[in-house]
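# Geometric and topological summary
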Amino acid sequence: MQTTSPPTLPWYRQVSRTQWKSFFAAWIGYVLDGFDFVLITLVLTEISDEFGLSTVQAASLISGAFITRWLGGAVLGAIGDRYGRKLSMVLSILLYSVGTFACGFAWNYHSLFAARLAIGMGMAGEYSASATYVMESWPAALRSRASGFLISGFSVGSVLAAQVYNWVVPSLGWRWMFYLGLVPIAIALWMRRALPEAEEWTESVAEKGVRPHPFGPLFVTRGRATANTVLVVVATVSLFLVFTPGGAGMVPVLSVIAGLSLAAFAVQLGGKRGWVLYLSMIVTLFFAFLYSWPIQALLPTYLKTDLGYSTDQVTDVLYFAGFGTMAGCWAAGFLGDRIGAKKAYALTLLASLAFIYPVFAVQNNLLLLGILLFLLQATSFGISGLLPRYIGGHFPTASRGAALGFTYNVGALGGAVAPVLGAHLASGMDLGRALAVLTFAGTVIVVVLVGFDVPARLNRLTDPDSTPDHLAVAPAEEPVHARW
């Protein structure tokens, strides 16, 4: 007797109604995240005029969020590991919402900068909380899709911010853009009541009665606890001085101090078996930001100064870039589930190399520039939609939130370094060529690091029994030992 296997359901029907609900809640958080991040860049001119800020002070308001990202990502990630992904996600949204709302009441540079620090912590926590929440809620075979779809929300938020700016600021002023920060609070409260906890975290942590303490290695003894408290202060103050006018003339030394402090945390959090993974993952992510953020930060400047584009033309080009990033995130999700996140990441980045120099070779053809930029952003920045899936697969459920939050947001300092390095290179060549050189070099490095699976290979030197991909296994099969 001949038997037939049951038909395979379309992928979108393999995701339950509850899982889709969880996804859209986290996706909205990412939309608001992108909205808040881009918001400050849109109203920087108005803020500078009202407060009489110098160019350096104005730029520091953007960089200020990077000062506390590493701390917010680690702390809120640890809360997610210990008390649940949903709580961490809600707290993250509340933190950056309150910070954004407070910006609207700023009375000078210092009060606005303080609010930016809160925003940085909340946005960092949102990345790790939402990413782990969605991926641990969705089926294992669809987690690259979950990752790519989720990150696309950031681009939606950035496009939305540009549109709301045109509606709000001309008639109501820049402060009303920040007053909109109250909206996410209502969404966060709805999430707290309506959403279930992430399935994988529930199965591997909550139901086993485990209470992970990802920061345990930092407080083993009173002496170590004291030393690490001092390190937190040293790292934070050093980064503060690096990204503000107060560190003028001492940036190289302060950068080394901050880097060594953060490396010390990585070594302790990783423990004897995982410290190499933590450090190599941070380096990989640093270069991932270094290749992508020169264009994100300096493209408008290049369009205005080198090409002489008007404000409307710049907006048109940025729409091409934003939608290219969204399309890239969606495509990355499908490709990652089909051939694997690491292979998809490396191959798509390799393809992006074909578009970098042509983008900066176009001079007077806005449509051609827009098409090329769409393709570049889709294959370059868009593929970063796989980053949560890529990073999360290296860490077990019990420590994934803190590990992803810490490594990603320390690596994100590459995004702060990128525009500075791009501007420095531009002192010896035109800005377009500087951006092309920096983007091309950074992309090649990331292709090598990801394509040859360098973090995982190095990790096996200290942890030979490490699981190749924690997100590809069921919670019951996952090792529960602590990395330290």
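Values in this document were obtained by computation on a predicted structure and should not be read as measured data.

For the rest of this paragraph, the subject is the overall build of the protein. Check the secondary structure of the protein and you find 19 helices and 0 strands. Principal-axis analysis of the C-alpha atoms gives the protein an extent of 70 × 65 × 45 Å. Across the 484 residues in the protein, those meeting the buried criterion constitute 54%. When the accessible surface of the protein is split by element, carbon and sulfur atoms take 67% of a total near 19900 Å². Side-chain charges of the protein comprise 29 positive and 24 negative groups, with the mean position of each set lying 7 Å from the other.

Moving on: the packing of aromatic side chains. For the structure shown, the criterion picks out 29 aromatic pairs. Between Phe23 and Trp138, the aromatic rings sit 5.6 Å apart at their centres with planes inclined by 50°, giving tilted as the arrangement. Of the two residues, Phe23 is situated in helix H1 (residues 17-42) and Trp138 in the loop between helix H5 (109-135) and helix H6 (143-172); the sequence distance between them amounts to 115 residues. With respect to class, Phe23 is no different from Trp138; both count as buried. Pairwise contacts between aromatic rings join Trp11, Tyr12, Trp20, Phe23, Phe24, Trp138, Phe149 and Phe334 into one cluster.

So, about the packing of H1 against helix H4 (residues 85-103). The N-to-C vectors of H1 and H4 enclose an angle of 25°; their axes lie 11 Å apart at closest approach. Viewed along their axes, H1 and H4 adopt a mutual orientation that is roughly parallel. Here the hand of the crossing between H1 and H4 comes out left-handed. Within the contact between the two elements, H1 uses Ala26, Gly29, Leu32, Asp33 and Asp36 and H4 uses Met89, Ile93, Tyr96 and Thr100. For the contact of H1 with H4, the per-class residue count stands at 5 nonpolar, 2 polar and 2 charged.

Time to look at the pattern of salt bridges. Inspection of every chain in the model, using the stated rule, returns 9 salt bridges. Note that Glu50 is salt-bridged to Arg175, the shortest N-O span being 2.9 Å. Here Glu50 is found in helix H2 (residues 44-51), whereas its partner Arg175 is found in helix H7 (residues 175-179), with 125 residues between them in sequence. Among the residues examined, Glu50 registers a relative accessible area of 44% and is labelled partly exposed.

What follows covers the nonpolar core. Where a protein is soluble and globular, its nonpolar side chains tend to be buried together. With 108 residues, the main nonpolar core has Val43, Ile47, Met177, Tyr345, Ile391 and Phe406 as its most contacted residues. Considering every element that reaches this core, the biggest residue donor is helix H11 (residues 251-305), with 16 residues. Apart from residues lying up to four places away in sequence, Ile47 is in contact with Ile40, Gly52, Leu53, Leu61, Leu112, Trp174 and Phe178. Grouped together as the second largest cluster of nonpolar side chains are 22 residues, Ile295, Val362, Leu431 and Ala436 included.

With that settled, the discussion passes to the environment of Phe35. Looking at where Phe35 falls in the secondary structure, it is placed in helix H1. Setting aside its immediate chain neighbours within four residues, Phe35 contacts Gly157, Ser158, Leu160, Ala161, Val164, Met177 and Leu180.

This part is about the packing of H11 against helix H12 (residues 311-339). Relative orientation of the contacting elements H11 and H12 amounts to 140°, with a least axis distance of 10 Å. Here H11 lies oblique to H12, going by the angle between them. Viewed along their axes, H11 and H12 form a crossing whose handedness is right-handed. Note on element contacts: H12 touches H11 through Val314, Val317 and Leu318, opposite Leu299, Pro300, Leu303 and Lys304. Class assignment for the residues of the contact of H11 with H12 results in 6 nonpolar, no polar and 1 charged.

What follows is about unusual backbone geometry. Although it is not a glycine, Asp453 adopts a positive phi angle of roughly 55°. Take Asp453: it is sitting in the loop between helix H18 (431-451) and helix H19 (454-462).

All right, on to the confidence of the model for the protein then. For the protein, the average pLDDT comes to 85, and 95% of its residues sit at 70 or higher. For the protein, helix H8 (residues 183-194) is the element with the lowest average pLDDT, namely 71, and helix H13 (residues 341-359) is the one with the highest, namely 94. The low-confidence segment residues 1-6 (pLDDT under 50) makes 0 contacts with residues lying over four places distant or belonging to another chain. For residues 476-484, every residue scores under 50 in pLDDT, and the model assigns this stretch 31 contacts once sequence neighbours within four places are set aside.

Turning our eyes to something else, we now look at a nonpolar patch on the surface. Together, Leu335, Ile339, Leu347 and Leu350 line one region of the surface with nonpolar side chains, adding up to about 310 Å² of accessible area. In this fold, Leu350 is placed in helix H13.

Next up on the list: the environment of Ser130. Structurally, the position occupied by Ser130 is in helix H5. For Ser130, the contacting residues outside a window of four places in its chain are Ala26, Tyr30, Met89 and Leu150. A polar atom in the side chain of Ser130 sits 2.6 Å from the side chain of Glu126.

This brings us to helix H14 (residues 366-379). Given 3.6 residues to a turn, an α-helix orients residues that are three or four positions apart in the same direction. With 14 residues, H14 extends 20 Å from end C-alpha to end C-alpha; this agrees with the ideal 20 Å at 1.5 Å per step. Inspection of H14 places Leu369, Gly370, Leu372, Leu373, Leu376, Gln377, Ala378 and Thr379 among the buried residues, and these make up the whole buried set. Each element contacted by the buried residues of H14 is listed here: H11, H12 and H13. Capping the start of H14, Asn365 holds a side-chain oxygen 3.3 Å from the backbone nitrogen of Leu367, two or three residues further along.

Scoring rules and cut-offs
- Residues numbered from 1 in each chain as written.
- Predicted model: local features only at pLDDT ≥ 70, side-chain atom pairs only at ≥ 80, totals over all residues.
- Heavy atoms only, no water.
- Helix = DSSP H or I, 4+ residues; strand = E, 2+ residues; numbered from the N terminus.
- Buried < 20%, exposed > 50% of the residue type's maximum accessible area, 1.4 Å probe, protein only.
- Areas by Shrake-Rupley, 256 points an atom, 1.4 Å probe, with all protein chains shown as cover.
- Lys, Arg positive; Asp, Glu negative; His and termini not counted.
- Charge placed at Lys NZ, Arg CZ, Asp CG, Glu CD.
- Phe/Tyr/Trp six-rings, centres within 6.5 Å; stacked < 30°, edge-to-face > 60°.
- Axes fitted to C-alpha atoms, helices over the stretch in contact; angles between N-to-C directions.
- Parallel < 35°, antiparallel > 145°, perpendicular 65-115°, else oblique.
- Left-handed = near helix turned anticlockwise from the far one by under 90°.
- Contact = heavy atoms within 4.5 Å.
- Nonpolar A, V, L, I, M, F, W, Y, C, P; charged D, E, K, R; others polar.
- Salt bridge = Lys/Arg side-chain N within 4 Å of Asp/Glu carboxyl O.
- Core = buried A, V, L, I, M, F, W, Y, C linked by side-chain atoms within 4.5 Å.
- pLDDT = per-residue confidence, 0-100.
- Patch = residues over 30% accessible without salt bridge, like charges linked within 9 Å, V, L, I, M, F, W, Y side chains within 5 Å.
- Polar contact = N/O pair within 3.5 Å; in protein donor to acceptor, adjacent residues only side chain to side chain.
- Expected span 1.5 Å × (residues − 1).

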